[in-house]
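# Architecture at a glance
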Amino acid sequence: MREVLRAGWNEPRATPPPPERVWWDRVLIGVLLVAAIVEGVVRSSPVGALISAAVVPVLSIRRTRPLVALAIGFGVCAIEPFLTGFPSFLTLAAVLVLLPFALFRWGSGREIAAGALIIAGRLAVGFGFGQMTGADLVAGLIILFGIGALGSAMRFRARARLRERQHLRMLERERLARDLHDTVAHHVSAMAIRAQAGQATAESDPASAVEALRLIESEASKALASMRSMVRVLREPGIGDVRALAGPSTAGPPVEVRLDGDVDDLSPAVAATLFRLTQESVTNARRHARNATRIEVRVTADETSVRLEVSDDGEHGGLSSGYGVSGMVERAGLLGGTCQAGPDPDRGWSVNAVLPRAAA
């Protein structure tokens, strides 16, 4: 038990760090400010409306400074009934629901402990001064416990997804290391052997030395091509790489790419995932779609999401949605998106993925 408490006390701030401000914060604050004014007019309490309106802006710092925001909110909530003569406004109550969630979602272990003491103090003051009954106290504890559990669950879910992404990167590095050993190292070893053989036979058989130089040149070209291929893999792809997939190919039917909407300012993570999904879909179509004459790629972007559709007109012979689809679903899920694949009603195969513009 002591180890659990120590681990909770030493818990750092949530990773990955939250954005300082997002657009819906401004919308939320605006709606709550209007609600505070309307409620003040309905309840004929301008003081209460001013207090609620003064507390609402602290929501803008609830991610970066959750303890400060919670201390301000619950501190004002504790004195507000003494100024207005009746319990807190519904607007203020809405703010007090969001602040504990933010504390458990983004705060450190020490901040969560301090925030729990502040919340407990507020409940004690309310119960001691008759501002709430025993039933109100129990209901408040249940609500706060649920909010804290939800914030903690989302915190650990985000951490698990981050670890999963790091695991995928580690697997990618291991694959590149194997490729480096199996291809480039093989070519370099062959060049070294040929060079030694050329040196040994240069005086007695100059023709053999010249042949060794030709083989060394051939192996060097292959090693250079392999290195360039690995560099392309290491470089994080973007939307331009999706465009580059268009055109004819000796490996299968031609690819038609169509991009609609604003796709040039996607985040690097979304653009890279979009390319990987497209690349995997096109590769699968070329490998498994018999008698296919075309592969169509369509990317449609709006203000909140990016949709990818890849389809072909080939024959898939009742194959299951297995080949590589699970990895594609996993890639999309890491960003908070979805990916589905399956046969079309008449003929062909389609892959449909939806990714948020801002990676989750």
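Relevant structure appears above.
Computed from a predicted model, the values in this text were never measured in an experiment.

Another point: the overall build of the chain. If you tally the helices and strands in the chain, you get eleven helices and six strands. Here the chain has a C-alpha radius of gyration of 31 Å; the compact-globule value for 360 residues is 21 Å, and the former is much larger. Projecting the C-alpha coordinates of the chain onto the three principal axes gives extents of approximately 105 × 55 × 35 Å. Among the 360 residues that make up the chain, the fraction classed as buried is 36%.

So, on to the packing of helix α5 (residues 90-106) against helix α6 (residues 109-128). It is the contact of α5 with α6, at a shortest axis distance of 9 Å, that shows an interaxial angle of 160°. One element, α5, and the other, α6, form an angle in the roughly antiparallel class. For the element pair α5 and α6, the recorded crossing hand is left-handed. Of the residues in α6, those touching α5 at P100, L103 and F104 are E111, I112, G115 and I119. Of the residues that constitute the contact of α5 with α6, the class distribution is five nonpolar, one polar and one charged.

So, on to the pairing of strand β5 (residues 338-343). Note: β5 against strand β6 (residues 349-356), six bridges, orientation antiparallel. By the bridge assignment for β6, T338 is matched with V354. Here β5 folds back onto β6, and the loop between the two strands holds five residues, one of which, G348, carries a positive phi near 100°.

Once that is clear, we can look at a nonpolar patch on the surface. A surface patch of nonpolar side chains, about 530 Å² in accessible area, is lined by V47, I79, F82, L83 and F129. With three residues, the single largest contributor to the nonpolar patch is helix α4 (residues 66-84). Its place among the elements puts V47 in helix α3 (residues 46-55).

Taking strand neighbours across the sheet as the criterion, the six strands line up as β1-β2-β3-β4-β6-β5 in an open arrangement whose pairing is mixed. Only two strands of the sheet have a single partner each, and these edge strands are β1 (247-249) and β5. This sheet shows a mean twist of 15° between the axes of neighbouring strands, independent of strand direction. Both β1 and strand β2 (residues 252-260) contribute to a ladder of two bridges, which runs antiparallel. Its bridge partner lying in β2, S249 is registered against G252.

Moving on to the pairing of strand β3 (residues 295-301). On β3, burial follows the alternation: I295, V297, V299 and A301 on one face are buried, whereas E296, R298 and T300 on the facing-out side are not. Note that β2 and β3 share six bridges and pair parallel. Its bridge partner being in β3, V255 is matched across the sheet by I295. At this point the chain moves from β2, through helix α10 (residues 268-288), to the parallel β3, and the crossover so formed is left-handed. Across seven bridges, the pairing between β3 and strand β4 (residues 305-312) is antiparallel.

What counts and what doesn't
- Residues numbered from 1 in each chain as written.
- Predicted model: local features only at pLDDT ≥ 70, side-chain atom pairs only at ≥ 80, totals over all residues.
- Heavy atoms only, no water.
- Helix = DSSP H or I, 4+ residues; strand = E, 2+ residues; numbered from the N terminus.
- Rg over C-alpha atoms; globule rule 2.2 N^0.38 Å.
- Buried < 20%, exposed > 50% of the residue type's maximum accessible area, 1.4 Å probe, protein only.
- Axes fitted to C-alpha atoms, helices over the stretch in contact; angles between N-to-C directions.
- Parallel < 35°, antiparallel > 145°, perpendicular 65-115°, else oblique.
- Left-handed = near helix turned anticlockwise from the far one by under 90°.
- Contact = heavy atoms within 4.5 Å.
- Nonpolar A, V, L, I, M, F, W, Y, C, P; charged D, E, K, R; others polar.
- Pairing = 2+ DSSP bridges.
- Patch = residues over 30% accessible without salt bridge, like charges linked within 9 Å, V, L, I, M, F, W, Y side chains within 5 Å.
- Areas by Shrake-Rupley, 256 points an atom, 1.4 Å probe, with all protein chains shown as cover.
- Salt bridge = Lys/Arg side-chain N within 4 Å of Asp/Glu carboxyl O.
- Right-handed = clockwise from strand over helix to strand, strands pointing away.

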